[in-house]
Amino acid sequence: MLLPVAGLVLLAGCGLTLLAMSTARVGLVAELVGIVAALVPVGSIVAALLWIDRWEPEPARMLWLAFGWGASVAAITALLVNNTAAAVGDALLGYGGGDKVSAIISAPLFEEALKGVFVLGIMYFLRDEFDGVVDGVVYAGFVAAGFAFTENIYYFGRAFADHGFGDPGTGGVVTAFILRGVLSPFTHPLFTAMIGIGVGIAVRTSSRWLRVVAPLAGYLVAVLLHALWNAAATLGTPQTFLNVYFLVMVPIFISGVFLVSWHRRREQRIVASALPAMVDRGWVDPVNVKRLVTLTARRNWRVRAGRRQGRAASRAVGAYQAAVTELAFLWHAVHLGLAGSDAADREARLVMVLHAAKADLPARTPSR
């Protein structure tokens with residue numbers, strides 16, 4: 001009981017410390033402007049991640065914890081490490097050299113490690129909450145979104161403090177928002193998603209060496225992408241930056257979208273293949289099969305139930321859908337030999353949850 005409380009205190013303490021430090025540097029008004037501006041890109045990222053995670057939504061408390069870890073613990077630790085690296089760089093290379101060392105070496109190495117350690121922690125300590133690449137991308141994305149949110153508050157606030165809303169000649173918060181909030185809100189999630197993909201591969205393989213190599217490879221790719229991005233912004237010309245953006249980052253982002261889409265279709269096939277067995281055992285009524293086999297049908301079922309019988313009915317349908325999906329994923333893991341020694345116990349618990357959820361389903365919901 002004390003561990004969750006201690007964790008919340010740690011997150012809150014780190015978050016308040018960062019807020020105080022940032023406010024002291026840029027001023028209260030600029031800090032408020034930074035917070036408002038940072039909410040826009042982080043909102044779009046979170047919405048995209050929730051859309052990705054619709055087949056088997058992760059617990060809300062875990063997603064909040066991931067976001068909080070990135071926004072507070074990872075951010076404040078990275079700040080301390082990067083400031084130290086900058087001071088050492090200035091001492092060795094002269095004034096200004098520290099910023100380059102911090103941006104190109106320290107930030108990629110330590111920021112990605114600090115974000116990635118949360119994803120690894122979910123894999124090792126809450127294995128039941130981690131089903132593969134999609135979950136890895138979602139958890140990594142939420143950690144990175146939290147980190148980027150804190151970082152953007154300071155950058156936007158500093159831009160406002162230095163130049164106000166700005167103009168094309170001097171910059172300002174509008175220019176900073178276009179660069180960080182419009183053109184590149186996906187960069188931090190994209191970097192850390194490489195770690196999530198590596199961890200997702202690790203939990204879905206029987207190869208011992210791949211369980212070690214995949215997360216490590218994901219981390220190295222995240223570091224390289226992060227370093228390349230920072231180097232282009234720090235050392236390169238505007239043309240260099242645009243080349244890296246359009247020729248490297250955008251294609252990798254598009255490739256990542258296709259990869260996640262493929263895994264979402266794979267999750268749909270896993271659920272669809274398990275439904276006949278659930279019908280045979282009486283856990284799923286045949287009339288509900290078509291309501292469970294696609295995300296659109298599931299959403300329509302929840303919406304119709306809510307409109308007809310209220311929010312509680314909609315939640316009951318959602319709980320039933322989640323129980324069906326989790327059981328289907330467990331069966332798939334058993335089939336692959338990746339479910340672990342407690343698979344039978346987990347199945348028994350999920351069956352109980354499924355029966356309870358089925359009992360709570362609305363008595364009548366429109367079929368079309």
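Residues numbered from 1 in each chain as written. Predicted model: local features only at pLDDT ≥ 70, side-chain atom pairs only at ≥ 80, totals over all residues. Heavy atoms only, no water.

Before going further, it helps to spend a moment on helix α5 (residues 133-163). Look at α5: 42 Å from first C-alpha to last across 31 residues, which is about the 45 Å you get at 1.5 Å a residue. Most of α5 is tucked away: 25 of the 31 residues are buried. Downstream of α5 by a residue or two, Gly164 has a phi angle that is positive, lying close to 65°. (Helix = DSSP H or I, 4+ residues; strand = E, 2+ residues; numbered from the N terminus. Expected span 1.5 Å × (residues − 1). Buried < 20%, exposed > 50% of the residue type's maximum accessible area, 1.4 Å probe, protein only.)

Enumeration according to the criterion identifies four salt bridges in this entry. One salt bridge connects Arg204 with Asp131, and the closest N-O pair in it is separated by 4.0 Å. Of this pair, Arg204 sits in the loop between α7 (187-202) and α8 (208-234) while Asp131 is found in the loop between α4 (97-125) and α5, placing the two residues 73 residues apart along the sequence. Note that Arg180 and Glu151 form a salt bridge whose closest N and O atoms lie 2.8 Å from each other. Of this pair, Arg180 sits in helix α6 (residues 173-183) while Glu151 sits in helix α5; the two residues are 29 residues apart in sequence, bridging distant segments of the chain. (Salt bridge = Lys/Arg side-chain N within 4 Å of Asp/Glu carboxyl O.)

With that settled, consider empty space enclosed by the protein. Following the criterion strictly, the structure yields one cavity of 30 Å³ or more and no others. What the largest cavity holds in volume is close to 90 Å³. Every residue lining the largest cavity is listed: Asp131, Gly132, Val133, Val134, Asp135, Arg204, His263, Arg266, Glu267, Ile270, Phe329 and His332. Elements represented by at least two residues in the lining of the largest cavity include exactly α5, α9 (238-280) and α12 (311-336). Sort the elements by how many residues they give to the lining of the largest cavity and α9 lands first, with four residues. (1 Å grid on protein atoms, 1.4 Å probe; cavity = no way out; pocket = protein on both sides within 12 Å on 5 of 7 lines; lining within 4 Å. Points joined across faces, edges and corners; volume = space filled by probe spheres on them.)

Here the focus is the UniProt feature "transmembrane region" (unreviewed entry) in the protein. Per the UniProt record, the feature "transmembrane region" (unreviewed entry) sits at residues 32-51, 63-81, 101-125, 137-157, 177-202, 209-229 and 241-260. The distance separating the terminal C-alpha atoms of residues 32-51 is 29 Å; by composition the span is 100% helix and 0% strand. The distance from the first to the last C-alpha atom of residues 209-229 is 30 Å, and the span holds 100% helix and 0% strand. (UniProt positions renumbered as here; feature names shortened; annotations may be inferred.)

Right, let's get into the environment of Phe110. Of note, Phe110 is situated in helix α4. For the pair Phe110 and Glu151, spaced 41 residues apart in the sequence, the C-alpha separation amounts to 15 Å.

With respect to the helices and strands, Gly27 occurs in the loop between α1 (2-26) and α2 (28-52). We classify Gly27 as partly exposed; its relative accessible area is 24%. Note: C-alpha distance between Gly27 and Ile195 (168 residues apart in sequence) is 36 Å.

Topologically, Arg298 is positioned in helix α11 (residues 295-309). Other than its neighbours up to four places away in sequence, Arg298 contacts Trp55, Val271, Arg291, Leu292, Gln321, Val324 and Thr325. (Contact = heavy atoms within 4.5 Å.)

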